[in-house]
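Reading the structure
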Amino acid sequence: MTGQARSPRRPIAPGRWFACLLAVVALVAAVLVPTGAATAAPAAPISRAASDPVTGIKPMTLAGFDPGNLISDAVFTNKSTMTEAQIQSFFNGKVTTCRGGTDEKGRPIVCLKDFKITSVNRPADSYCQGYTGAANETAARIIYKVAQSCGINPQVLIVMLQKEQGLITNTWPSAWRYDMALGQGCPDDAPCDPAFVGFFHQIYGAARQMQIYMEGRYFTWFAPGKTWNIRYSPNVACGSSPVYIANKATSAMYYYTPYQPNAAALAAGHGEAPCGAYGNRNFYNYFTDWFGSTRAEDPFGNIELIEARPGEFVVSGWVADTSTASPISVHVYVGPKAGAFPADVDRPDVAAAYPGTGLKHGFSAKIPAFGPGQFNACVYAINAGPGANALLGCKMLNAISGPPAGRLDSVVGVAGAVEFSGWAIDPDTVASIPVHVYVDGQSWALPANKARPDLAAHFPIFGTAHGFAGKLEAAPGPHNVCVYGINVGAGGHALLGCQQVTVPGSSDLGRPPFGNFEALSVSGNVATASGWAIDPDTSASVAIHLYVGAGSAAYAADKERPDVAAFYPGFGTRHGFVEPLTLPTGTTNVCAYAINTGRGGHTFLGCRIATVKAPSVDRGLKPFGNFEAVVPTTGGAIVAGWTIDPDTAGPISVHIYVDAASAAYLADDPRADVAAFYPGAGSNHGFGETVAMAPGAHRVCVYAINNGSGGHSFLGCRDVTVP
């Protein structure tokens, strides 16, 4: 070293950062404690005196030193401040005569202005543009080439060489100083990583590491836009104070050296003081001595949010310019699009950190998306006084934009029509979009706004209201059905799918129906008969007759049976029956017939035997229960609840009224929760029935039907709107 105090910590090499993380976290827990208020000193002019005639060092008051804004992002990343020739001339001016000779290990002494080394190739990545190695490159050439590749101000690298190893002014530097020139990959408590030993590896590795620090992806302890308690020294007893980190460059400097100078260290200029830490102070001293302001009065700020959302790119944060108390503006560039936005939102935290700049510093900007792909989003603070505009940062974003996506799930031919369903989403909006359905050459428009909960797992930010379903008239015969998602943003309309379908003919060939009487379950004195039936001359639902002994009643086989539709395509899905039947005590024969819709005979589906035990004593008590919900669905609504007749443990009937029409159902679904409250009443007392309803508003009322003597019970009414 050449009299300057040394940085207490050096950065961890990228290849070793995870291995060292556990040790670092212990330090971070003590040093980096976010606090609520922002406290940063306002920028002020630097007071300087003439250089000392013996040491050449300029005494100073460091009045312009701001621990929260050590150097602006614009200055830190300005790679065009010096040419290779200017860097070499600077080195020549700092050491006019090198002492030469050999060091303590007998190695030749070479000053920085005369130093040469063979560099090596480095591949390009997201942090640097790579490096083409060459033999006998000068230090000036390496610094210049690395600055251009990694986008770091060469003056920053020069100052770091001085504060770390004093190489700029040292007239008798040992070889080890070049091997660990910037301390990159050389922790204080461990040997240097071999991958970073050597002057070239130190310069390239440190410059690349600064870009990693500024990215904020792996290192978030000194994140800009927040206040952190930063210690004055590795010694915890020396204390700390809150510092508002204004920008990414300052954040990177604290990752490199995680301490701030205390008042005594600032007062000491280039000297030492009790509890002092000098790395960031010395960086500021040398930079302002040699190159001027670390901020150059450029605007500064922080990007707090930068992300892609459906149909847009969103950016927010704050900016300030010390030359004005008025709001300034930001320019946002995303691919080929750009926009100017005022930073005029109140930000008391920023105003407290930078007195004199006013209260209005916040901004929130949206740039409309323009199609799919990856785009570079950059934000600039627009200068209001001396200096230049400042790049706050850039980020590659994958646009959420483009033509619609979706699928035509099913198309079924039914009597005189086609039924279809599917889903559609446009990435430019979370709202439902329209779809156009084409049957041959004729089209219809309808919204894709039906609930599709299955989409939530695949498209979590878009919600679930993106399904469509409908029925369109079509003549008997084959048809081509196609559905298009209609674009609402960037891109064009999208074909969601086409399917061929045959609408069955309406002529009656006199063929008999067919089907299956599948099951007869008995609970108490109520039996539930279930099965299905199809008339091959129509896709419409058919009637069935159920016989209990000698008596019979007619029912419609119109309940959903997709399993039957899969075996008999072209007839639709509404061919099932599930009907409750009241049985007499004893053994009864229950038989089912499928009723022909036109010419031809009916079809016997079979008989089943049921046995009903003698009922318990009828005390004439009324049933009770709860009409819990009515939920709209395609073609009707689901009506749910439960009911119990105290005179029997078996299930009882409920009558469900839709406006003026009614139908009977059996409340025989398992309800363990009801059984737990009414022990001894059995568990099969629930009902959840899909009741067909026309589109529109309806009033649904439910009655519990007494199992014996006594009156029926009104369970309530609810209103529902069927889509």
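If you're wondering where the values come from, they're calculated on a predicted model, not measured in any experiment.

Quick look at helix H8 (residues 248-256) now. Of all nine residues that make up H8, nine are buried, and the element is covered over most of its length. Buried within H8 we find Lys 248, Ala 249, Thr 250, Ser 251, Ala 252, Met 253, Tyr 254, Tyr 255 and Tyr 256. Residues of H8 that are buried make contact with helix H2 (73-76), helix H5 (154-165), helix H7 (199-215), strand S4 (227-231), helix H10 (279-291) and strand S13 (390-398).

As enumerated under the stated definition, the model contains 22 salt bridges in all. Across the pair Glu 137 and Lys 145 runs a salt bridge whose closest N-O atoms are separated by 2.9 Å. Across the salt bridge formed by Glu 164 and Lys 163, the nearest N and O atoms sit 2.9 Å from each other. Exposure remark for Lys 163: the relative accessible area of 2% places this residue in the buried category. Within this structure, Glu 84, Glu 137, Arg 141 and Lys 145 form a network of salt bridges that share partners.

This next bit is on the pairing of strand S30 (residues 624-633). Where S30 lies against strand S31 (residues 636-644), nine bridges are found, and the strand directions are antiparallel. Looking across to S31, one finds that Asn 626 is bridged to Trp 642. The loop that links S30 with its antiparallel partner S31 comprises two residues; one of these, Gly 635, has a positive phi angle of about 80°.

The tendency in soluble globular proteins is for nonpolar side chains to be buried as a group. Within the largest apolar cluster, 62 residues are counted, with the highest numbers of intra-cluster contacts made by Phe 91, Leu 161 and Phe 199. Among the secondary structure elements, those contributing two or more residues to this core are H2, helix H3 (84-94), helix H4 (139-150), H5, H7, S4, H8 and H10. When residues of this core are assigned to their parent elements, the largest contribution, ten residues, is made by H7. When near neighbours in sequence (up to four residues on either side) are disregarded, Phe 91 contacts Leu 112, Lys 113, Ala 139, Ala 140, Ile 143, Ile 158 and Ile 168.

This part takes up the confidence of the model for the protein. When pLDDT is averaged along the protein, the result is 85; 89% of the residues meet or exceed 70. Predicted confidence is poor over residues 1-61, with pLDDT under 50, and the contacts of this stretch with residues over four places away or in other chains come to 155 contacts.

As enumerated under the stated definition, the model contains eight disulfides in all. Across a sulfur-sulfur distance of 2.0 Å, Cys 378 and Cys 394 are joined as a disulfide pair. On the sign convention where negative is left-handed, the bridge of Cys 378 and Cys 394, at about 115° about the S-S bond, is right-handed. Linking Cys 378 in strand S12 (residues 374-381) with Cys 394 in strand S13, this pair joins segments that are 16 residues apart in sequence. We classify Cys 394 as partly exposed; its relative accessible area is 37%. Across a sulfur-sulfur distance of 2.0 Å, Cys 482 and Cys 498 are joined as a disulfide pair. Its S-S torsion of approximately 115° makes the covalent link between Cys 482 and Cys 498 right-handed. Of this pair, Cys 482 sits in strand S20 (residues 477-485) while Cys 498 sits in strand S21 (residues 494-503), placing them 16 residues apart in sequence. With relative accessibility at 10%, the residue Cys 482 sits in the buried group. Its relative accessible area of 40% is what places Cys 498 among the partly exposed residues.

According to the stated counting rule, one finds 39 aromatic pairs in the structure shown. Centre to centre, the rings of Phe 219 and Trp 221 are 6.0 Å apart; their planes meet at 85°, and the pair counts as edge-to-face. Each member of the aromatic cluster is reached from another via a ring pair, and the members are Phe 90, Phe 91, Phe 283, Tyr 286, Phe 287, Trp 290 and Phe 291. Over the aromatic face of Phe 517 sits the side chain of Arg 608, whose NZ or CZ is 5.6 Å from the ring centroid. Geometry around Phe 627 places Arg 718 over its ring, the cationic atom sitting 5.4 Å from the centre.

Once that is clear, we can look at the side chain of Gln 88. Following the sequence through the fold, Gln 88 ends up in helix H3. Gln 88 gets classed as buried once you look at its relative accessible area, which sits at 19%. Separated by 2.9 Å, the side chain of Gln 88 and the backbone oxygen of Lys 113 make a polar contact.

Where H5 contacts H7, the axes come no closer than 11 Å and their chain directions differ by 120°. Classified by the angle between their axes, H5 and H7 sit oblique to one another. Remark: the crossing between H5 and H7 carries right-handed chirality. On H7, the residues that touch Leu 157, Met 160 and Leu 161 of H5 are Phe 199, Ile 203, Ala 207 and Met 210. Across the contact of H5 with H7, the residue classes break down as seven nonpolar, no polar and no charged.

A few words on the environment of Tyr 657. With respect to the element layout, Tyr 657 can be found in strand S32 (residues 653-658). As a C-alpha pair, Tyr 657 and Val 691 span 34 residues in sequence and 9.6 Å in three-dimensional space. Setting aside residues up to four positions removed in sequence, Tyr 657 forms contacts with Ser 662, Arg 699, Val 700, Cys 701 and Tyr 703.

Here we take up unusual backbone geometry. With a phi angle near 55°, Asn 136 is a residue other than glycine that sits in the positive phi range. By relative accessible area, which is 55% here, Asn 136 ends up exposed. A positive phi angle, close to 60°, is found at Asp 440, a residue other than glycine.

The rules behind each value
All residue numbers here refer to positions counted from 1 along the written sequence of the relevant chain. Totals for whole chains, interfaces and linings use all residues, but because this is a predicted model, local features are given only for residues with pLDDT of at least 70 and pairs of side-chain atoms are given and counted only at 80 or more. Note that water and hydrogens are dropped before the side-chain values are worked out from all heavy atoms of the structure. Summary of the burial criterion: residues with accessible area below 20% of their type's maximum are buried, those above 50% are exposed, and those between are partly exposed, where the area comes from a 1.4 Å probe applied to protein chains only. Helix and strand definitions follow DSSP, with helices as H or I runs of at least four residues and strands as E runs of at least two, each counted in order from the N terminus. Only heavy atoms matter for contacts: two residues are in contact if any of them lie within 4.5 Å across the pair. Throughout this description, the term salt bridge denotes a Lys or Arg side-chain nitrogen within 4 Å of a carboxyl oxygen of Asp or Glu. Any two strands with at least two DSSP bridges between them are considered paired. Among buried residues, the Ala, Val, Leu, Ile, Met, Phe, Trp, Tyr and Cys ones that are joined through side-chain atoms within 4.5 Å form a nonpolar core. One number per residue, pLDDT, summarises how confident the predictor is, and it ranges from 0 to 100. Note that a disulfide, as used here, is simply two cysteine sulfur atoms within 2.5 Å. Two rings belonging to Phe, Tyr or Trp (six-membered ring only in the last case) form a pair when the distance between their centres is within 6.5 Å. Interplanar angles under 30 degrees mark stacking, angles over 60 mark edge-to-face geometry, and anything in between is tilted. We call a charge positioned over a ring when the NZ of a Lys or the CZ of an Arg lies within 6 Å of the ring centre and within 35 degrees of the ring normal. Polar contacts, as used here, are pairs of N or O atoms within 3.5 Å; protein pairs need one atom able to donate a hydrogen and one able to accept it. Residues neighboring in sequence count only if both atoms are side-chain atoms. Orientation is described by lines fitted to C-alpha atoms, with helices fitted over the stretch in contact, and by angles between N-to-C directions that extend from 0 to 180 degrees. Angles are sorted into four bins: roughly parallel if under 35 degrees, roughly antiparallel if over 145, roughly perpendicular if 65 to 115, and oblique for all others. Each crossing gets its hand from how the near helix is turned against the far one by less than a right angle, where anticlockwise is left-handed and clockwise is right-handed. Following the grouping adopted for this structure description, the nonpolar residues are Ala, Val, Leu, Ile, Met, Phe, Trp, Tyr, Cys and Pro, the charged ones are Asp, Glu, Lys and Arg, and the polar ones are all others, Gly among them.

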